[in-house]
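Overview (structure and organization)
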Amino acid sequence: MFEQHRERNLSMVMDFYELTMSNGYFRDGVENARVAFDVFYRKNPDNGGFAVFAGLAQVVDYIRSLHFTEEDIAFLRAQGIFDEGFLNYLRNFRFTGSLYALREGTVMYPNTPVVTVVAPLIEAQIVETAILLEINHQSLIATKANRIVRAAQGRVVSDFGARRAHNIDSAVYGARASYIGGVDSTATVLAGQMFGIPVSGTMAHSWVMFYPDEYTAFEKYARAYPDGCTLLVDTYDVLESGIPNAIRVAREVLMPMGKRLQGIRLDSGDLAYLSKKARAMLDEAGLADCKIVASNSLDEMTISSLLSQGAKIDIFGVGERLITARSEPVFGAVYKLVAVEENGRFAPRIKISENVEKVTNPGLKRLLRVYDQHGKSVADLITLADEPLPGPEPYRFVDPVRPWRIRHFENCRFEQLQLCVFKNGELVYQPEPLDAVREYLRRQLKTQVWEEEQRFENPHIHYVDMSPRMYELKMSMLDQARV
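Residues numbered from 1 in each chain as written. Predicted model: local features only at pLDDT ≥ 70, side-chain atom pairs only at ≥ 80, totals over all residues. Heavy atoms only, no water.

The subject of this paragraph is the sheet that holds strand β6 (residues 156-159). As summarised here, the arrangement of the six strands in space is β7-β6-β11-β10-β9-β8, forming an open sheet in which the pairing is parallel. At either margin of the open sheet sits one strand with a lone partner, and together these are β7 (185-186) and β8 (230-232). Pairing between strand β10 (residues 291-294) and strand β11 (residues 315-318): two bridges, direction parallel. From the neighbouring strand, Ala294 faces β11, where its bridge partner is Phe316. (Pairing = 2+ DSSP bridges. Helix = DSSP H or I, 4+ residues; strand = E, 2+ residues; numbered from the N terminus.)

Below, the structure written as structure tokens:
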């Protein structure tokens with residue numbers, strides 16, 4: 001029986017079918033056949049205009065530490081279905097393939113390859129679940145966090161979500177993803193320790209309730225933390241008790257020490273109404289510099305509504321609806337085979353479905369972002385990997401939604417989005433510091449992504465186009481598969 005704090009071998013984080021298929025491949029002698037898989041997703045969360053790519057650093061950590069212990073092999077042997085030869089193969093297992101991915105923090109769009117694994121068949125199969133769970137989880141939370149940050153319109157946002165997260169890992173790595181998305185701080189101490197995220201926090205209602213009266217509780221807290229005193233004012237009555245006692249502590253305790261009351265926090269009630277009343281009371285008391293913090297089941301829609309009502313809130317503490325992405329808690333990235341090496345060349349593969357959106361884009365490919373002369377991103381372009389990069393001349397492309405239209409990119413710049421992270425098993429790209437990832441996302445949204453794509457309601461749909469060769473390959477494979 002595993003204990004909570006025992007060190008875990010994350011190589012065993014996989015779906016069982018990855019092992020049964022790998023055992024079958026080994027029995028068939030095709031374990032070294034080279035294949036390519038793409039990771040992509042089909043729909044932006046919350047019907048948004050884009051998503052945020054996150055989790056690459058954890059994918060790198062996972063790939064670097066891939067191995068199977070004797071304890072792991074004994075567990076698999078006990079299942080009674082694996083060949084001893086396959087179990088011996090696992091004893092010396094390491095990832096020897098190549099992995100290509102977007103730069104962490106990249107704005108991304110549906111149906112584009114965000115990660116590509118090119119590796120021997122069993123290696124490519126075994127890494128599927130771990131790659132998906134890292135990318136799915138952190139991309140979901142980073143995307144949600146960025147929506148909340150944009151709704152706050154420059155006001156401070158803090159992650160308060162740990163106690164509502166689905167487990168310890170989701171709290172810690174959700175805080176990491178939230179910081180990438182633009183959240184300013186976290187209340188999750190381990191995330192601050194691991195990733196260098198600023199940590200923040202005030203007090204709980206239990207602090208106020210422990211002492212015989214509210215004033216005493218505030219006074220004790222102010223003396224303990226005179227340089228960063230934020231008081232929770234809604235334990236009893238915000239306007240009749242909480243705010244008056246906070247003002248009294250500011251005057252009787254902090255000001256004689258030469259300190260100022262940093263903030264008051266509202267955690268219940270009509271936040272728009274209470275924040276406006278509180279602001280007036282604080283200003284009248286000479287505490288115009290005292291910030292108002294609000295929490296209580298906030299998300300981007302609630303924050304937008306509060307601000308449209310004129311709420312006087314300076315800092316938003318966002319918990320459950322951020323850390324669980326409650327409005328749409330599944331990101332939905334998938335891992336699909338796109339090519340198999342045959343006679344020294346990669347032959348394309350395609351998955352066909354009754355659901356049109358589940359038909360895949362075949363073959364090894366390249367993902368390019370297309371910028372106009374002003375530096376704005378106008379489209380993403382998928383080409384085959386062996387096609388030359390577009391030059392300065394007009395470039396003909398195919399809009400797969402309207403393939404009958406003859407379209408060209410003119411006066412555009414093309415940027416290759418996927419970077420080589422592992423090459424033949426060796427790490428060739430170091431993940432960036434978290435602050436750099438966060439700043440990269442902020443810069444894209446400020447200078448490259450159209451404001452129309454950043455709307456919460458009916459955002460502009462970013463174009464994902466294909467080279468003529470890419471489109472013709474897909475159509476020819478669909479035609480060949482027609483029955």
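Let's pick the thread back up.
The sheet contact formed by β6 and β11 spans four bridges and is parallel. What sits directly across from Val157, in β11, is Phe316. A crossover links β10 with its parallel partner β11, the connecting element being helix α13 (residues 300-308), and its sense is right-handed. (Right-handed = clockwise from strand over helix to strand, strands pointing away.)

Moving on, we get to the sheet that holds strand β21 (residues 463-466). Strand order in the open sheet formed by four strands is β18-β14-β15-β21, and the pairing between neighbours is mixed. A strand with exactly one partner marks an edge of an open sheet, and here the two such strands are β18 (413-416) and β21. Each strand axis lies, on average, 30 degrees off the axis of its neighbour in the sheet, ignoring direction. Taken together, the four bridges between strand β14 (residues 365-371) and β18 define a ladder with antiparallel strand orientation. Directly across from Val370, in β18, lies its bridge partner Phe414. Packing against the sheet, helix α16 (residues 468-480) makes contact with β14, β15 (377-384) and β21, and its axis sits at approximately 55 degrees to β15. (Axes fitted to C-alpha atoms, helices over the stretch in contact; angles between N-to-C directions. Contact = heavy atoms within 4.5 Å.)

Rolling a probe over the atoms, with the probe sized like a water molecule, indicates the empty space that remains. Considered as a void within the structure, the second largest pocket measures approximately 930 Å³ in volume. Surrounding the second largest pocket, 37 residues form its lining, Pro110, Asn111, Pro400, Val401 and Val464 being those nearest its centre. Where the lining of the second largest pocket is concerned, the elements lending two or more residues are β1 (34-40), β21 and α16. Residue classes in the lining of the second largest pocket are distributed as 19 nonpolar, nine polar and nine charged. (1 Å grid on protein atoms, 1.4 Å probe; cavity = no way out; pocket = protein on both sides within 12 Å on 5 of 7 lines; lining within 4 Å. Points joined across faces, edges and corners; volume = space filled by probe spheres on them. Nonpolar A, V, L, I, M, F, W, Y, C, P; charged D, E, K, R; others polar.)

This next bit is on the packing of aromatic side chains. Evaluation of the coordinates by the stated rule reveals 18 aromatic pairs. Seen in terms of ring centroids, Phe16 and Phe82 are 5.7 Å apart; in terms of plane orientation they differ by 70 degrees. Their pairing is edge-to-face. Residue Phe16 is found in helix α1 (residues 16-28), and its partner Phe82 is found in the loop between α3 (70-77) and α4 (84-91); the two are separated by 66 residues along the sequence. Relative accessible area serves as the criterion here: at 40%, Phe16 is assigned to the partly exposed category. In textbook terms, an aromatic cluster arises when at least three aromatic residues are bridged by ring pairs, as seen for Phe16, Phe26, Phe68, Phe82, Phe86, Tyr89 and Phe93. (Phe/Tyr/Trp six-rings, centres within 6.5 Å; stacked < 30°, edge-to-face > 60°. Buried < 20%, exposed > 50% of the residue type's maximum accessible area, 1.4 Å probe, protein only.)

In this structure, Leu90, Leu231, Leu261 and Ile264 are the most contacted members of the largest nonpolar core, which totals 129 residues. When residues in this core are grouped by element, the largest group, 11 residues, is from helix α6 (residues 128-152). Discounting chain neighbours no more than four positions away, the residues touching Leu261 are Cys229, Leu231, Ala246, Ala250, Leu254, Leu287 and Cys290. In this structure, Ala379, Tyr395, Phe397 and Phe414 belong to the second largest nonpolar core, which totals eight residues. (Core = buried A, V, L, I, M, F, W, Y, C linked by side-chain atoms within 4.5 Å.)

On to unusual backbone geometry, then. The backbone phi angle of Asn111 is positive, close to 65 degrees, even though this residue is not glycine. Along the chain, the position of Asn111 falls in the loop between β4 (107-108) and β5 (115-120). One non-glycine residue, Asn296, adopts positive backbone phi at about 110 degrees.

On to α13, then. When we look at burial in α13, the residues that qualify are Glu300, Ile303, Leu306 and Leu307. Down the axis of α13, the buried side of the element spans an arc of 125 degrees, and every buried residue falls inside it. Those residues of α13 that are buried are in contact with α6, α12 (271-284) and β11. At the N-terminal boundary of α13, the capping side chain belongs to Asp299, with an oxygen 3.1 Å from the backbone nitrogen of Met301. Downstream of α13 by a residue or two, Gly310 has a phi angle that is positive, lying close to 80 degrees. (Arc of directions from axis to C-beta. Polar contact = N/O pair within 3.5 Å; in protein donor to acceptor, adjacent residues only side chain to side chain.)

These results come straight from atomic positions and should not be treated as a statement about function.
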